[in-house]
Amino acid sequence: MDLSKKYDSKESEPKWQALWEKEGTYSFDAKSEKPLFSIDTPPPTMSGAMHIGHVFSYSQMDFIARFRRMQGHNVFYPFGTDDNGLPTDKMVEKLKKVKSSRMQRTEYVKLVLSTLDELRPKFVSGWKNIGISCDFNLYYSTINPHCQRISQKSFIDLYKIERVYRKEMPFMWCPSCETAVAQVELEDKEIESSFNDIVFKVDGKEILIATTRPEMLPACVAVFVNPDDKRYKDIVGKEAEVPIFKQKVPVLADERADPEKGTGAVMCCTFGDQTDIEWFKAHNLPLKVAITKNGKMSELAGKYAGTRVKEARKEIIKDLEAAGLLKASKKITHAVNVHERCGTEMEILNTKQWFIKILDMKNELLSAGKKIRWLPEHMRSRYENWANGLQWDWSISRQRYFGVAFPIWYCKKCGEVILANEKDLPVDPTIDSPKKPCKCGSNDFLPERDVLDTWATSSLTPRLAIELVDDETMRKKLYPMTLRPQAHDIITFWLFNTVVKGLLHTKEVPWKNAMISGWALDPKGKKMSKSKGNVVEPAKVIERFSADALRFWAAGSRLGDDLPYKEKDVHTGQKTVTKLWNASKFVISNLEGYDGTKPKKIEEIDAWALHKLNETIKDSTQYFDKYEYSHARAKTEKFFWVVFCDNYLEIVKDRLYNAGNYSDEEVASAKYALYNCLLGILKMFAPLMPHITEETYQLFFAKEEGKKSIHNSEWPVENKERENKKALESGDAAVAVISAIRIYKTKNQLSPNTPLKEVIVSEKLKAVLEPVASAVQCAMKVETVSFGKINDATEEFDFGDGKYGIKVQ
């Protein structure tokens, strides 16, 4: 047992991470009869390195996993990576300096897969480096054959129950990524634009229409007014001439035209917004396409064809003004839908897409949300607001090369959809072929070239993880899972879609609890981004401090709250690591040969420390049970720093250093309290700071408890026998007097070890303090503690409901 060295996290943390992996410290046991605690671990997106937000949210879920493991649960805690979506595409294109649309599909897919294989070990190591206690042998990648098979089977199952359909219809489209985009992938962004009053003509008479999108004029198919708007009653049913492009369109009445908005007259274009779609369907209007899939003007736009949308907007406004058809133009800032992946303004294009029917499930989805225990509870409102605001079915097809393929072909002769045989999954329809002819007899097929949206696969993470377990009986026990941990920004993405799949496939909610974390922000409380230059790299923080210190910072906010990254909080964590090592060395050096046996008599001040420990264990356990790890940290910190280090260690030193002056029972009582207090502290800190607690536990307690790791040892439990109200009052009085003496010494520029001849304490405290007076003497180097009436106190102090004094002689 080497107690001479300093604690070096650079040496210790990698050492324990390697040993935990080698020993299978966190391995799931499919044969165990222990109570299960299963976690639907979020698979991080492989689009770059781990960032500080990952540390924040993954540490918080790990606190709970470690706590439950120490409580005796068989913890199912898999790890996966999400690497089949658009971010992966963009990353590979950037790294390899290629464009997927300019490569053969098979070659591009090979390139992506090989790139992922290159990057994956280093990417996953980021999670291991912060001490995440997943069973990394239970690993999946959302693009590996295991996940492709499950995702494709999900599609086939939903097709068979008529929950998926393919339809050509107006849908949201990202011109930059050149793919359809689901409602959940949109975000609002404030954009500078202009509100333009443009002249349309009806029978030679001018009417004004206000629009922010004059580039949609070539796709204008109607003008709408409100039927109750008296200004336009005489033109309803007539034709209006569209400026510049000259096409004639009908003037129609519809209540969706708001008389109070703009001029009250609205142009309907295919498609500018959701209302255009509604009018298109309700009035059976023709389809005109002015914008192409890559965000340029089509041939319909005449001389503007091939021009980017924003450039065409400027040119058309200039031409309208030159022709006297622009009556006013006002600069505005308004919110528009953009693709959350790239920030590009969305278009609505008429394309063929695959959908999962969910609009008819609103009530079922809302009911499912009420069955989940939300942590914190207020996060449920985000789920409910999303469910109530649904406007579209779930679009699951994407126009990309890389991803999980749809397991279908189309018969060239009759158009029949041909499903892959489930035994053949996973399949790539662009390479593989159906094993039998179409029912019409044809063997001529067209493959579906679109791929499944990444969320169509990620929404199956409970199945992706559980089906890694070979034991079928255990697989059944694991579902529904205990916990879904995730950040609040993807409630409408990942959580909602997983509930959809859970209800459709199993008629059950996938988990019992949803643990929702906040965001890690920069020191000023702003969202971090590379463009702002305010990103904090975890590896650099770990290099400067330690993984435990960074985890300590992550435990500093309540679940669901955002937390600014402040280096001083990490520094506090590092100070705690150092203090824990030094305090542990002191205690363990004085426990050599001690076997933990309880003495016949516990000294009053030792009983006080054990009572305080008992209170802390009780509170910490209750807080962890409620997922309130920040409160658990605060309670353990207070006990460690204030009760244990600042006071109890100072009180007990004399019995350890000068054992000959005390009876064997008195010394044994001190060692018993030290043993139990330090062991309790280590175990309560273990979920938060796994490396330093393991290092310290291995110095002494591992052998005493017969455990290979503190993380497989038992969580401390409240011990009713340690409740001692009398000792609590006496010990608290001693600490109050010690604090008053410390203030006196500081004021008089005396060192803490300066001896004092006598300290007189208020007579009223004699009954309470006398049993522990020796604790005051030992801690503050006081020769005599006496009691009497004090008229002119050297220092005053609060205790209980009263104010008391001391006099230093």
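Since this is a predicted model, take the numbers as computed values, not measurements. (Residues numbered from 1 in each chain as written. Predicted model: local features only at pLDDT ≥ 70, side-chain atom pairs only at ≥ 80, totals over all residues. Heavy atoms only, no water.)

As a further point, take the overall build of the protein chain. Across its full length, the protein chain holds 24 helices and 29 strands. If one aligns the C-alpha atoms of the protein chain with their principal axes, the spans along those axes are about 110 × 65 × 45 Å. Relative to its 809 residues, the protein chain shows a buried fraction of 56%. Contacts in the protein chain between residues far apart in sequence, at least 24 positions, make up 77% of those at least 6 positions apart. Looking at the protein chain, you have 122 positive and 114 negative side-chain charges, and the mean spots of the two groups are 2 Å apart. (Helix = DSSP H or I, 4+ residues; strand = E, 2+ residues; numbered from the N terminus. Buried < 20%, exposed > 50% of the residue type's maximum accessible area, 1.4 Å probe, protein only. Contact = heavy atoms within 4.5 Å. Lys, Arg positive; Asp, Glu negative; His and termini not counted. Charge placed at Lys NZ, Arg CZ, Asp CG, Glu CD.)

This paragraph deals with the state of the cysteines. One pass over the full model with this rule turns up zero disulfides. With no disulfide partner, Cys414 has as its closest neighbouring cysteine sulfur the one in Cys438, 3.5 Å distant. The closest cysteine sulfur to the non-disulfide-bonded Cys778 is located on Cys677, 17 Å from its own sulfur. By relative accessible area, Cys778 is classed as buried at 16%. (Disulfide = S-S within 2.5 Å.)

Attention shifts here to the nonpolar core. Judged by nonpolar contacts, the single largest core of 190 residues is most densely connected at Ile396, Trp553 and Phe644. Leave out the neighbours within four places in its chain, and Trp553 touches Ile52, Phe56, Ala520, Leu563, Pro564, Tyr565, Lys566, Asp569, Val570 and Arg633. Among the nonpolar cores identified, the runner-up in size contains 34 residues, and Met216, Ala219, Val249 and Met297 belong to it. (Core = buried A, V, L, I, M, F, W, Y, C linked by side-chain atoms within 4.5 Å.)

This part is about the environment of Glu694. Locating Glu694 in the fold gives a position in helix 20 (residues 690–699). For the pair Glu694 and Ser12, spaced 682 residues apart in the sequence, the C-alpha separation amounts to 9.3 Å. Apart from the residues within four sequence positions on either side, Glu694 is in contact with Trp16, Trp20, Lys708, Ser709, Ile710 and His711.

For residues other than glycine, phi is negative in most cases, and the peptide bonds are mostly trans. Look at the link from Leu375 to Pro376: it is a cis peptide, with omega at 0°. Note that Pro376 resides in the loop between strand 15 (373–375) and helix 9 (380–388). Look at the link from Tyr479 to Pro480: it is a cis peptide, with omega at -5°. Mapped onto the elements, Pro480 comes out in the loop between helix 12 (472–478) and strand 22 (481–487). Positive phi is not limited to glycine here, since Ile244 has a value of about 70°. Look at Lys781: it is not a glycine, yet its phi comes out positive at around 55°. Structurally, Lys781 can be placed in the loop between helix 24 (773–780) and strand 27 (782–788).

It is worth spelling out the sheet that holds strand 19 (residues 417–419) at this point. Within the open sheet, the three strands sit side by side as 19-18-20. Their pairing is antiparallel. Every interior strand has two partners, whereas the edge strands, strand 19 and strand 20 (445–447), have only one. On average, each strand axis in the sheet is tilted by 35° relative to the strand beside it, whichever way the strands run. Sheet topology places strand 18 (residues 408–411) next to strand 19; three bridges connect them, and they run antiparallel. Pairing of Trp409 across the sheet is with Ile418, part of strand 19. Of the strands in this sheet, strand 18 and strand 19 are in contact with helix 5 (residues 145–160), which crosses strand 19 at around 130°. (Pairing = 2+ DSSP bridges. Axes fitted to C-alpha atoms, helices over the stretch in contact; angles between N-to-C directions.)

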